[in-house]
Each structure stands twice: as structure tokens, then as C-alpha cells.
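Spelled out from the first residue to the last, the chains are:
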Amino acid sequence: MEKLIQLAAKDILVSKYVIALTGAGISTESAIPDFRGPKGLWTTDKKAEARAYERYELFLTNPGAYWEEMMGTGGAYGEFYGKIREAEPNPGHHALAELEGLGILKCVVTQNIDGLHVKAGNRKVWEYHGSVSRLRCVSCGARFDLDEVSLDELPPRCRCGAPLKYDVVHFKEPIPSDVMEESEKEALRCDLMLVCGTSAVVYPFASLPRVAKFRRGIARYGSLSGESTANVKIIEVNAEPTSLTCEGISDYFIQGKTGEILPAIVEEVKRIRSDCPGDS
Ligand code: APR
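If you're wondering where the values come from, they're calculated on a predicted model, not measured in any experiment. (Residues numbered from 1 in each chain as written. Predicted model: local features only at pLDDT ≥ 70, side-chain atom pairs only at ≥ 80, totals over all residues. Heavy atoms only, no water.)

Attention now moves to the site of the ligand. Around the ligand lies a shell of 23 residues, among which E29, F35, R36, T198 and S199 are the nearest. Residue G197 places a main-chain N or O atom 3.5 Å away from an oxygen atom belonging to the ligand. Side-chain polar atom of S199 to an oxygen atom of the ligand: 2.6 Å apart, as the coordinates give it. Contact with the protein chains hides 93% of the accessible area of the ligand, taken as 740 Å² for the molecule alone. (Near = heavy atom within 4 Å. Polar contact = N/O pair within 3.5 Å; in protein donor to acceptor, adjacent residues only side chain to side chain. Areas by Shrake-Rupley, 256 points an atom, 1.4 Å probe, with all protein chains shown as cover.)

A separate point is unusual backbone geometry. P155 follows L154 through a cis peptide bond whose omega is -5 degrees. Considering the arrangement of structural elements, one finds P155 in the loop between β5 (143–145) and β6 (164–168). With omega at 5 degrees, the peptide bond leading from Y203 into P204 counts as cis. Relative to the helices and strands, P204 is located in the loop between β7 (192–196) and α9 (208–214). Phi at K172 is positive, roughly 70 degrees, even though this residue is not glycine. The exposure class assigned to K172 is exposed, which follows from its relative accessible area of 60%. Even without glycine at this site, A200 takes up a positive phi of about 55 degrees. In this structure, A200 sits in the loop between β7 and α9. (Helix = DSSP H or I, 4+ residues; strand = E, 2+ residues; numbered from the N terminus. Buried < 20%, exposed > 50% of the residue type's maximum accessible area, 1.4 Å probe, protein only.)

On to the nonpolar core. Ranked by internal contacts, the top residues of the largest apolar core, which has 28 residues, are I12, L194, I254, L262 and I265. If you list the elements that add at least two residues to this core, you get α1 (2–13), β1 (18–22), α6 (91–101), β2 (105–110), β7, β8 (233–238), β9 (252–255) and α11 (258–275). A per-element tally of this core places α11 first, with 6 residues. Discounting chain neighbours no more than four positions away, the residues touching I265 are I5, A8, A9, I12 and I254. With 27 residues, the next largest nonpolar core counts W67, F80, F144 and F171 among its residues. (Core = buried A, V, L, I, M, F, W, Y, C linked by side-chain atoms within 4.5 Å. Contact = heavy atoms within 4.5 Å.)

Moving on: the sheet that holds β5. Ordered by their spatial adjacency, 3 strands build an open sheet running β5-β4-β6, and the pairing between neighbours is antiparallel. Edge strands, defined here as strands with exactly one partner in the open sheet, are β5 and β6. If you compare each strand with its neighbour and ignore which way they point, the axes differ by 40 degrees on average. Together, β4 (130–137) and β6 form the strand contacts of helix α4 (residues 63–71), whose direction differs from that of β6 by roughly 50 degrees. (Pairing = 2+ DSSP bridges. Axes fitted to C-alpha atoms, helices over the stretch in contact; angles between N-to-C directions.)

From the geometry alone we can't say anything about function, so treat these as descriptive.
Quick look at the structure:
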């Protein structure tokens, strides 16, 4: 592990455009369950997972019932939103915020809806699956902070009259085009990508490491295999290996907790910088 942390720090310091992709695994140390880890929401509650797959359809067909369900505190999903609202960033989030503060990390693209990267201090964050603290209109695309909209009457409505939903991307719901395009641009531009705390099984997010490695946009990404055409380092930090590890998309895999590994990488970056200030 030590050697890999030193290697990651060296790779980061010689890179020109470092970005981080994160998943639910970076927030488990903030007491927010992930989805597919051993104690994940979907691992432990298959009914909640099945309901999650129907949620976007429910919104489209019966926005009132969608809101009844989303406001319901019953069931894992109700508690899940409650845990998210109480959560605080952990050392993994703070490490990425510090890496941005050092002028090294250019952005975070996260699947997490908990807002903890922004709370930790990262300013450039693309929330690929949205955020529980906003509402969005699927008709005109307008977004509202939760405290801007009254939930006394359900469903809440947009200025354009259409019903609003949480700005959370549910299964089978399209990724908002602005976030999708900007995230793909970052993947195409980076020369080092940290992939932290994700099982990398949900698309199109899971294609971003392949987009970076093969330098082809999602629309054209076809079968991304064969030799990488770009000089991009993909460094994976996760509790367990994923398809990125097994398919050789990740250049190397540092196994363990993001809350321990990411701070160690940042400390090593600062140590190298202070030992050889002129080098990077
Ligand atoms: N440190 C490192 N890795 C961790 C930690 C930790 N502290 N805790 C959990 N993990 C790992 C798990 O082992 C798992 O491989 O993080 C990964 C989390 O994977 P998922 O639970 O599948 O979460 P994620 O990849 O973000 O899911 C993607 O699925 O249900 C949808 O919309 C939801 O955004 C989510 C998407």
C-alpha cells in the first residue's frame, strides 16, 4: 500500500490535469450506506432497489404519488435521505478538497447526491446523479434549492407549471445534458483520473474512465477495448476490486478505505513538494 501511495503522489505531481470520480464508497465513512457493498442499501433491501427502478416512471405517471413516497420516512429510502441530510464530510472528502486547494485537482465528478464534496470545500463538482438538496423541472430544466420551494402542496410546481421532482437522477432517467457533457469533457481532458469508492457498474457514469483511457466520447465509445490511445493514468481507490480493475482500465488499484488512502496520498504530495519545491 505504502509504495502505491508514493507512486500515486508522484503520478499526480507530474500530471497536468487531475480529476476525481467518486461513488457512494467515499461517503460510507460519513455514515451514509453505499448501495452494493456488503451492507449496501441494495444489498440489504432488494425491495427498495426494485422500487428505485420504478421511481422515475412513478414520477412521470403520478407525480403526487412520487412525492408521497419520497416524503415518506418509512423504509430504507426515507431513512437514507435523513442520513444524507445529517452527514458531514469525512477525511476522504477533505483530502480531495485539499488537493483542489493545492491547485492540483481540477474537478470532482460524483455519483453521490449528498453534497459532501461541496460541503468539504471543493468548488468544481459535477453531481452526475444530482443532489437531494435541489428540485428540478424535467419539462424546462429549471433547478431550485429545496428551501426555495414550498412542499406544503404536492407535487410542487415549476414556474412553467410542470411538476417538480428531486434533482436526483433515478434509474431509467436521463442524465441532465449539461452535467453529462461537462463531465465527458473533463474525462476527455484529464491526464490522471482518481476513481474513488465506486463499484463502476452504473452507466453512463461507469464509461467515464474508459472515455478517458481511450479518448472517445460516450456517444462514440462503442466497444472500448484494446490499447489505450492516450497517456492517461487511471488510479482506483476502493474497498474491493471492480470491473475497472479486472479489465485493466485502472493502471493500478489501491485497496482500502478512501478516508485513509486519499489523505495519505495528499500528505505524500505535500511531502514531495516541500522536499523538492521547484520540481512541480
Ligand atoms: N472506502 C473505499 N471503498 C469503499 C468504502 C470506503 N470507505 N466503502 C464502500 N466502498 C466501496 C464498496 O466496496 C463498493 O465497491 O465503494 C463501492 C460503492 O459501490 P456502490 O455501492 O455500487 O455505489 P456507487 O458505485 O456509487 O453506485 C452508483 O448506483 O444505485 C445507484 O444512483 C446510485 O449513484 C449510485 C450508483
